[in-house]
Amino acid sequence: MAKRETPLLDQLERGKWPSFVKDMKEAAEKNPMAEDLLGQLELSYKDKIGHWKHGGIVGVKGYGSGVIGRYSDRPDLFPNVQAFHTMRVNHPTGWFYKTDALRRLCDVWDKHGSGLTNMHGSTGDAILLGTTTDHIQPCFDDLTEAGYDLGGSGSALRTPSACVGPGRCEWACVDSLDICYDITMTYQDKMHRPMFPYKFKIKVSGCPNDCVASIARADFAVIGTWKGDIRIDQGEVEAYAASGLDIQKEVCDLCPTKCMEWDGKRLKIDNGDCTRCMHCINLMSKALRQGGERGATILIGGKAPILQGALLSWVIVPFMKLEPPYEELKDLILRIQDWWDEYGKSRERLGELIKRLGMRVFLRAVGLPAVPQMVKAPRTNPYVFFWPEDIKKEVK
């Protein structure tokens, strides 16, 4: 196979970081789809426009999602990527793979596709980049036989994802792996058969470090937290100070609520003002530990800037105990999805709907009480509102 000239792409290999171009060139040595993909990408850089078109509905029997149809608008130049469909494969919770499982996945993809993968996309899924229409069903059949399933795409529940949680992290306040797996198995139908106004993402973080960035990327975020006081080992605090850590400057002064005091000998924490940001615990992991009662904070409405700009999540449940079979959590998910499905416009995310109709309307619809943690900014007017039924109760 003749080597394709790609002077613009070649520049992306010159930096000190690993380049996707190098991987594509290696794949191109044995796969004509990857070879033509290099050519089309070079043309896109030259023309400063993308040469893909999203046309037609492609998929597998019984599913409405998991495959994203993609076609080249220059099949005359690059016939091997005339159809270059993407398949999303549901990842194992926490992205734990055994090598033999990865080999099975790659063998299937070498057989049916370009051999190029994205491990992992922002969706969380294992992304298989580039196959033809006639290979979609056979590829899915082979993936199923190897123990894999497709993830979500389109106006569906997207594949839930979670941090590694208790599998590797000592800070996990909840079993993020089990929660994510349970949700994934419970809502298979909502993943495989699009039924919503738009996408709905669930992400689970084991602690407030939020290693899957659920607060910024998930319509429904579960973030592990704790109740009670942060446990302090004053001896270890003194050891950190003796080792050269400037506790006042690097810990206390950087606390977002200034709830910590250091007198040079003892560290004090006003736990009533603590927002559980984990900054102090991360810096002094031997001296500080989370409180004993563990659970999760539930947040909603996070999204990337697609239609109406980026949104960070709102807190709707400050603390929820999460133990199998997670019925309270799953019941809340269903109530929220039912309300959004009823009132959401096409391509309107949950957070955008709440902005349009108001938090009060949302809370009444899903049966949640208003709590101080929901307040994002102080009110700008002095008015107090009452619901008519509340006034009647007061009169009686």
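In this text, all values refer to a predicted model and were calculated from it rather than measured experimentally. (Residues numbered from 1 in each chain as written. Predicted model: local features only at pLDDT ≥ 70, side-chain atom pairs only at ≥ 80, totals over all residues. Heavy atoms only, no water.)

Topic: the environment of Asp149
Filter applied, for reference: Secondary structure follows DSSP: runs of H or I at least 4 residues long count as helices, runs of E at least 2 residues long count as strands, and numbering of each begins at the N terminus. Contacts between residues were defined by any pair of non-hydrogen atoms, one from each residue, lying within 4.5 Å.
Mapping Asp149 onto the fold places it in the loop between α5 (133–145) and β7 (161–162). On a C-alpha basis, the gap between Asp149 and His91 in space is 8.5 Å, while along the polypeptide they are 58 residues apart. Beyond its immediate stretch of four places on either side in the chain, Asp149 contacts Tyr63, Arg88, Val89, Asn90, Phe140, Gln188 and His192.

What about a negative patch on the surface?
Counted only if it meets this: The residues that make up patches have over 30% relative accessible area and no salt bridge, and they are joined within 9 Å when like-charged or within 5 Å when they are Val, Leu, Ile, Met, Phe, Trp or Tyr. Each accessible area is a Shrake-Rupley result for a 1.4 Å probe, and residues are judged covered by the shown protein chains and nothing else. What counts as a salt bridge is simple: a side-chain nitrogen of Lys or Arg found within 4 Å of a carboxyl oxygen of Asp or Glu. Counted charges follow a simple rule, with Lys and Arg positive, Asp and Glu negative, and His plus the chain ends left uncounted. Taken as the charge location is NZ of Lys, CZ of Arg, CG of Asp or CD of Glu.
A cluster of acidic residues, Glu261, Asp263, Asp270 and Asp273, forms a negative patch on the protein surface. Tracing the chain through its elements places Asp270 in the loop between β12 (267–269) and α11 (279–283).

Some remarks on the nonpolar core
Note the following rule: Only buried Ala, Val, Leu, Ile, Met, Phe, Trp, Tyr and Cys residues count toward a nonpolar core, and they belong to the same one when joined by side-chain atoms within 4.5 Å. Throughout, exposure labels follow a simple rule: accessible area from a 1.4 Å probe, protein chains only, divided by the maximum for the residue type, with under 20% read as buried, over 50% as exposed, and the rest as partly exposed.
Counting residues in each nonpolar core, the largest one holds 39 residues, and the members touching the most others are Phe220, Ile316, Leu329, Ile336 and Phe362. For this core, the secondary structure elements donating two or more residues are α6 (176–186), β8 (202–205), β9 (220–227), β14 (293–300), β15 (314–320), α12 (327–343), α13 (350–357) and α14 (359–366). Counting residues per element, this core draws most heavily on α12, which supplies six residues. Leave out the neighbours within four places in its chain, and Leu329 touches Ile179, Ile183, Phe220, Val222, Ile298, Met320 and Leu322. In this structure, Cys173, Met260, Ile281 and Met284 belong to the second largest nonpolar core, which totals 24 residues.

Side note on the sheet that holds β7
Short version of the rule: Strand pairing follows a simple DSSP-based rule, namely that at least 2 bridges must link the two strands.
The mixed open sheet is built from five strands, whose spatial order is β7-β8-β9-β14-β15. In the strand order of this sheet, the two ends are held by β7 and β15, each with one partner.

Description of the pattern of salt bridges
One pass over the full model with this rule turns up 14 salt bridges. Put simply, Glu170 and Arg289 hold a salt bridge, and the shortest N to O gap is 2.8 Å. Pair noted here: Glu170 is in the loop between β7 and α6 and Arg289 is in strand β13 (residues 288–289), with a separation of 119 residues, a long-range link. For Lys330, the salt bridge is made with Asp182, and the minimal N-O distance between the two is 2.8 Å. In this pair, Lys330 is assigned in helix α12 and Asp182 in helix α6, connecting sequence segments 148 residues apart.

Things to note about the packing of α6 against α12
Working note: a packed helix pair is described by the angle between its axes plus the distance between those axes. This is how the line gets drawn: Lines fitted to C-alpha atoms define the axes here, with helix axes fitted over just the stretch in contact, and angles between the N-to-C directions of these axes take values from 0 to 180 degrees. With respect to orientation, any angle under 35 degrees is reported as roughly parallel, any angle over 145 as roughly antiparallel, any angle of 65 to 115 as roughly perpendicular, and every other angle as oblique. Here a crossing is called left-handed whenever its near helix is offset anticlockwise from the far helix by less than a right angle, and right-handed whenever the offset is clockwise. Residue polarity follows a fixed list, in which Ala, Val, Leu, Ile, Met, Phe, Trp, Tyr, Cys and Pro are nonpolar, Asp, Glu, Lys and Arg are charged, and the others, Gly among them, are polar.
The interhelical angle for the contact between α6 and α12, taken along N-to-C directions, is 50 degrees, at an axis separation of 11 Å. One finds that α6 runs oblique with respect to α12. Seen along the crossing, α6 lies across α12 with a hand that is right-handed. Of the residues in α12, those in contact with Ile179, Asp182, Ile183 and Thr186 of α6 are Leu329, Lys330 and Ile333. Classifying every residue of the contact of α6 with α12 by side-chain character gives four nonpolar, one polar and two charged.

A few points about the pairing of β14
Within β14, six of the eight residues are buried, leaving the element largely enclosed by the surrounding structure. Taken together, the eight bridges between β9 and β14 define a ladder with antiparallel strand orientation. Residue pairing across strands places Val222 opposite Ile298, the latter belonging to β14. Pairing of β14 with β15, which is carried by four bridges, proceeds in the antiparallel orientation. Across the sheet, the residue bridging to Ile298 is Val317, located in β15.

A word on the packing of aromatic side chains
As a reminder, the rule being used: To pair, rings of Phe, Tyr and Trp, with the six-membered ring standing in for Trp, must have centres within 6.5 Å; the planes then decide the type, stacked if under 30 degrees apart, edge-to-face if over 60, and tilted in the middle.
Applying the stated criterion to the full structure yields seven aromatic pairs. Between Trp52 and Phe84, the ring centres sit 5.4 Å apart and the planes meet at 25 degrees, which makes this aromatic pair stacked. Placement of Trp52 in strand β1 (residues 52–53) and of Phe84 in the loop between β3 (71–72) and β4 (85–89) is noted, with a sequence separation of 32 residues between them. For Phe84, a relative accessible area of 5% gives the class buried. Between Phe196 and Phe200 the ring centres are 6.3 Å apart and the planes differ by 55 degrees, which places this aromatic pair in the tilted class. Members of the aromatic cluster, joined through ring pairs, are Phe196, Phe200 and Trp340.

Let's talk about the sheet that holds strand β5 (residues 113–118)
In sheet architecture, strand pairing relies on hydrogen bonds along the backbone and comes in two forms, parallel and antiparallel. A sheet is described by the order of its strands in space; here four strands give the open sequence β2-β4-β6-β5, paired in antiparallel fashion. Of all strands in the sheet, those bounded by a partner on one side alone are β2 (67–68) and β5. Note: β5 against strand β6 (residues 126–131), four bridges, orientation antiparallel. Its bridge partner being in β6, Asn118 is matched across the sheet by Ile127. In the packing of helix α3 (residues 32–47) onto the sheet, contacts are made with β5 and β6, and the angle to β5 comes to roughly 65 degrees.

A short note on the pairing of β8
Judged by which residues are buried, β8 turns out to be covered on both faces: Ile202 and Val204 on one side and Lys203 and Ser205 on the other are all buried. Here two bridges tie β7 to β8, and the two strands are oriented parallel to one another. Within β8, the residue paired with Ser161 across the bridge is Lys203. The sheet contact formed by β8 and β9 spans four bridges and is parallel.

Brief notes about α14
What counts is decided by this rule: The directions from the helix axis to the C-beta atoms are what the arc is built from.
Among all positions in α14, only Met359, Phe362, Leu363 and Val366 are buried. Buried residues of α14 fall within an arc of 95 degrees about the axis and therefore sit on the same side. Buried residues along α14 sit in contact with β14, β15, α12 and α13. Count one or two residues on from α14 and you reach Gly367, which has phi positive near 75 degrees.

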